[in-house]
Amino acid sequence: EVPLFNAWIDNWARLGLESVDYANYLSESEEYAWVDERPEVKRLRETIAAGRGISHAPGMARVTDFGQQFAAAVGIPRPSLLT
């Protein structure tokens, strides 16, 4: 888990360093199976959502060309990790 990951995604998108798109997504649902294994999702299912279903929306996050240049300038080694 990365505590500020959600804020990073929001800020990168706001600054144009990445794009987040829920209109396009991978067609194979098993490509998103990793989401169910995330510790924060498991925790939500065990606590907040007891008795309620939790789902996620498929989508894509892609680092823009500007984001690649920014990452290189500030020393982020693999910004494509978000793609």
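Bear in mind the structure is a predicted one, so any value in this text is a computation, not a measurement. (Residues numbered from 1 in each chain as written. Predicted model: local features only at pLDDT ≥ 70, side-chain atom pairs only at ≥ 80, totals over all residues. Heavy atoms only, no water.)

## A closer look at the packing of aromatic side chains
Then, in step 1: Considering all chains together, one arrives at one aromatic pair under this definition.
Then, in step 2: Ring centres of tryptophan 12 and phenylalanine 70 lie 5.9 Å apart, and the angle between their planes is 85°; on these two criteria the pair is classed as edge-to-face. One end of the pair, tryptophan 12, is in helix 1 (residues 5-14); the other, phenylalanine 70, is in helix 3 (residues 65-74), with 58 residues separating them in the sequence.
Then, in step 3: Exposure remark for tryptophan 12: the relative accessible area of 13% places this residue in the buried category. (Phe/Tyr/Trp six-rings, centres within 6.5 Å; stacked < 30°, edge-to-face > 60°. Helix = DSSP H or I, 4+ residues; strand = E, 2+ residues; numbered from the N terminus. Buried < 20%, exposed > 50% of the residue type's maximum accessible area, 1.4 Å probe, protein only.)

## Digging into the pattern of salt bridges
Then, in step 1: Under the definition given, this model contains three salt bridges.
Then, in step 2: The partner of arginine 45 in a salt bridge is aspartate 36, with the nearest N and O atoms 3.0 Å apart. (Salt bridge = Lys/Arg side-chain N within 4 Å of Asp/Glu carboxyl O.)

## As for the environment of phenylalanine 70
Then, in step 1: According to the relative accessible area criterion, phenylalanine 70 is partly exposed, its value standing at 31%.
Then, in step 2: Taking the C-alpha atoms as reference, phenylalanine 70 lies 7.5 Å from leucine 17; in sequence the two are 53 residues apart.

## A short note on a nonpolar patch on the surface
Then, in step 1: A cluster of nonpolar residues, Val2, Leu4, Phe5 and Trp8, forms a patch on the protein surface that exposes about 390 Å² of accessible area.
Then, in step 2: By secondary structure assignment, the location of phenylalanine 5 is in helix 1.
Then, in step 3: Note on phenylalanine 5: relative accessible area 35%, which makes it partly exposed. (Patch = residues over 30% accessible without salt bridge, like charges linked within 9 Å, V, L, I, M, F, W, Y side chains within 5 Å. Areas by Shrake-Rupley, 256 points an atom, 1.4 Å probe, with all protein chains shown as cover.)

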